[in-house]
Each structure stands twice: as C-alpha cells, then as structure tokens.
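Chain by chain, the residues:
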Amino acid sequence: MRKSKLLTFLFAFIPGCGEMYLGMMRKGVFLMVLFWGVNALSLFFQMGVLLCLQPVIWFYSFFETFNIRYLAPEVIRENDLLFFQKLTGSFSAGELPQLLGRRHLWAGVALILFGGWVLFRNFLIPALEALFPTLSESWYFQYFLSQIPSAAVAVAVVLLGVHLVRGKRKPKEEEYVEYRGERHD
C-alpha cells in the first residue's frame, strides 16, 4: 500500500519522521536522535560549529524519504533491518568487551572530563560564588566559565589528533628464525 504523497512530503521536513512514516522505524529514530543530538551537544558544549552537521543530516533525511517511498514494503523492511544490523554489528556477538577493551582509555578520559565538569559546575562554582560574592558578578568570570566546555572539547580533539598522528606503536622486532623442519640424524 502506497503512503500519501502529501503526508510523505510533510513528514520529510522533520529528520527521521519521513523514514518512520514509510516503515523504516529504526533508521528514522536513529536520524532523529542524531539530528537533535547534534543540536544538544552544540548547545551543551557551546560549539556552534557542530550545527554545520544539521543541514547535512536534514537534507539526507529529506531526500532519502522520497527514495524510500518508491521501494516495495519488503525491501523497506529488509533495508531497515540491514541498517540496524550494520549499526549495532560491532556491539553484538561478544564484540562489545573487545571494543571497550581497546577504547577503555578514551572512554575513561571522557568520563573523567564529564565528571570533572559536573563537579566543577555543581560544586566548585557555587562554593566560589559563596566565598567571593563579587566574583559571580564579574563578566570575565562568567565568560571564563562559559568557555570551559569548548576548551575541554578542543583539548580532546587535539589529543585525539596527536594520537592519530603518532599512529600505532611498532612492536619490538624479535629475532626471526626460519623453521626448517625436524632434523633426524
């Protein structure tokens, strides 16, 4: 059964809604979360540059909605399932512990930064404002506080870049001995 052209057009304007209307629920939810997640991250970290990703996600979702409209329902279900399997493929079949094992350092750093930010924002700032009431009224103190999330993200990006430039560490060269079979004398 074909869906309404008008409703398809209207739902296409909201990233993910068009896909969900046409039966690709998983992909629609993913696109919606991605679109609004970029918005939330850009607001939280005060990094407007992240908003450059939103038009890309929006246009992808908009035009994909019209491409999906002409697919057969069984192809839509198959594509949605295939998308979900590719999206979650690295987390299934026991690969999650391996993935976390390789990335535990970065996950730990991210958690430390996030926890530090929450402690700073909810404990240290109120304590400083209580100790120094004039400090909370100064514009440079407020400006400094508002720039901390952006600075933390910038430091994380620089550290990631340094890590990528350095590349993998080369294993120590071991002495190579060619195996020639067993000797029978």
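Because the structure is predicted, anything quoted here is derived from the model rather than measured. Sequence order as written defines residue numbering, which begins from 1 separately in each chain. At least 70 in pLDDT is required for a residue's local features to be given in this predicted model, at least 80 for side-chain atom pairs to be given and counted, and no such filter applies to totals for whole chains, interfaces and linings, which use all residues. To get the side-chain values, take all heavy atoms of the structure and skip hydrogens and water.

Focus: the nonpolar core
What tends to happen in soluble globular proteins is that the nonpolar side chains get buried as a cluster. As used here, the term nonpolar core means buried Ala, Val, Leu, Ile, Met, Phe, Trp, Tyr and Cys residues forming a set that is joined through side-chain atoms within 4.5 Å. Residue exposure (1.4 Å probe, protein chains only): buried if accessible area is under 20% of the type maximum, exposed if over 50%, otherwise partly exposed. Formed by Tyr21, Leu22, Met24, Ile68 and Ile76, the largest nonpolar core amounts to five residues. Should any heavy atoms of two residues lie within 4.5 Å, those residues are counted as being in contact. With residues up to four places along the chain from it excluded, the contact list for Ile76 reads Leu22, Gly23, Met24, Ile68 and Leu71.

Things to note about the pattern of salt bridges
Take a side-chain nitrogen of Lys or Arg and a carboxyl oxygen of Asp or Glu: if they are within 4 Å of each other, that pair is a salt bridge. In this structure the tally under the stated criterion is two salt bridges. Here Asp80 and Arg26 are joined by a salt bridge, their closest N and O atoms 4.0 Å apart. Here Asp80, found in helix α5 (residues 73-88), pairs with Arg26, found in helix α3 (residues 25-44); they are 54 residues apart in sequence, far enough to count as distant. Its salt-bridge partner being Lys27, residue Glu64 comes within 2.6 Å of it at the nearest N-O pair. Taken together, the positions of Glu64 in helix α4 (residues 53-69) and Lys27 in helix α3 put the pair 37 residues apart, joining distant regions of the chain. In this structure Glu64 comes out as buried when scored by relative accessible area, which is 12%. On the accessibility criterion, Lys27 (11% relative accessible area) is buried. A run of H or I in DSSP becomes a helix once it reaches four residues, and a run of E becomes a strand once it reaches two; helices and strands are each numbered from the N terminus.

Points about α5
Compared with the 22 Å implied by 1.5 Å per residue over 16 residues, the 23 Å span of α5 between its first and last C-alpha is a close match. Turning to α5, its buried residues are Ile76, Asp80 and Phe83. In a view along the axis of α5, the buried residues occupy a sector of 60°, so they form one face of it. Within α5, the exposed residues directed more than 90 degrees away from the buried face are Arg77, Glu78 and Lys86. Working rule for helices: expected span equals 1.5 Å times residues minus one. In this description, the arc belongs to the directions extending from the helix axis to the C-beta atoms.

A word on the UniProt feature "transmembrane region" (unreviewed entry) in the chain
UniProt positions are given in the numbering used here, feature names are shortened, and annotations may be inferred rather than shown by experiment. Those residues carrying the UniProt feature "transmembrane region" (unreviewed entry) are residues 28-53, 105-124 and 144-165 in this numbering. Secondary structure over residues 144-165 splits into 100% helix and 0% strand, and the C-alpha atoms at its two ends are 31 Å apart.

A look at the packing of helix α1 (residues 5-12) against α4
Axis lines are fitted to C-alpha atoms, over the contacting stretch for helices. Their N-to-C directions set the angle, which ranges from 0 to 180 degrees. Running from N to C, α1 and α4 cross one another at 155°; their axes reach a closest spacing of 9 Å. With respect to α4, the axis of α1 lies roughly antiparallel. In this structure, the crossing between α1 and α4 has a hand that is right-handed. Every residue of α4 that contacts α1 at Lys5, Thr8, Phe9 and Ala12 is listed here: Phe62, Thr65, Phe66 and Arg69. For the contact of α1 with α4, the class distribution of residues is four nonpolar, two polar and two charged. Angle categories are assigned with fixed cut-offs, so that under 35 degrees is roughly parallel, over 145 is roughly antiparallel, 65 to 115 is roughly perpendicular, and the rest are oblique. Each helix crossing is assigned a hand: it is left-handed if the near helix lies turned anticlockwise from the far helix by less than a right angle, otherwise right-handed if that turn is clockwise. All residues other than Ala, Val, Leu, Ile, Met, Phe, Trp, Tyr, Cys, Pro, Asp, Glu, Lys and Arg, Gly among them, are scored as polar; the first ten of these are nonpolar and the last four charged.

Details of the packing of α3 against α4
Between α3 and α4, the shortest axis-to-axis distance is 9 Å and the interhelical angle comes to 160°. Here α3 is positioned roughly antiparallel relative to α4, judged by the angle of their axes. As for the relative orientation of α3 and α4, their crossing is left-handed in sense. Within the contact between the two elements, α3 uses Lys27, Leu31, Leu34, Phe35, Val38 and Asn39 and α4 uses Leu53, Gln54, Ile57, Trp58, Tyr60, Ser61 and Glu64. When its residues are assigned to classes, the contact of α3 with α4 shows eight nonpolar, three polar and two charged.

Some thoughts on the packing of aromatic side chains
A pair of aromatic rings is counted whenever rings of Phe, Tyr or Trp (Trp by its six-membered ring) have centres within 6.5 Å, and the orientation is called stacked for planes under 30 degrees apart, edge-to-face for over 60 and tilted otherwise. The tally for this structure, following the rule as stated, stands at 13 aromatic pairs. Considering the side-chain rings of Trp58 and Phe59, the 5.0 Å spacing of their centres and the 85° angle between planes classify their relative orientation as edge-to-face. Where Phe59 meets Phe63, the ring centres are 6.2 Å apart and the plane angle is 10°; that geometry is what we call stacked. Here the residue Phe59 and the residue Phe63 both occupy positions in helix α4, the gap between them amounting to four residues, near one helical turn. Looking at Phe59, the relative accessible area reads 44%, which means it is partly exposed. One aromatic cluster in this structure is built from Phe9, Phe13, Trp58, Phe59, Phe62, Phe63 and Phe66. The criterion for a charge sitting over a ring is simple: Lys NZ or Arg CZ within 6 Å of the ring centre, and within 35 degrees of the ring normal. The ring of Tyr21 carries Lys3 above its face, with NZ or CZ at 5.1 Å from the centroid. Directly above the aromatic system of Tyr70 lies the positively charged group of Arg69, at a separation of 5.5 Å from the ring centroid.

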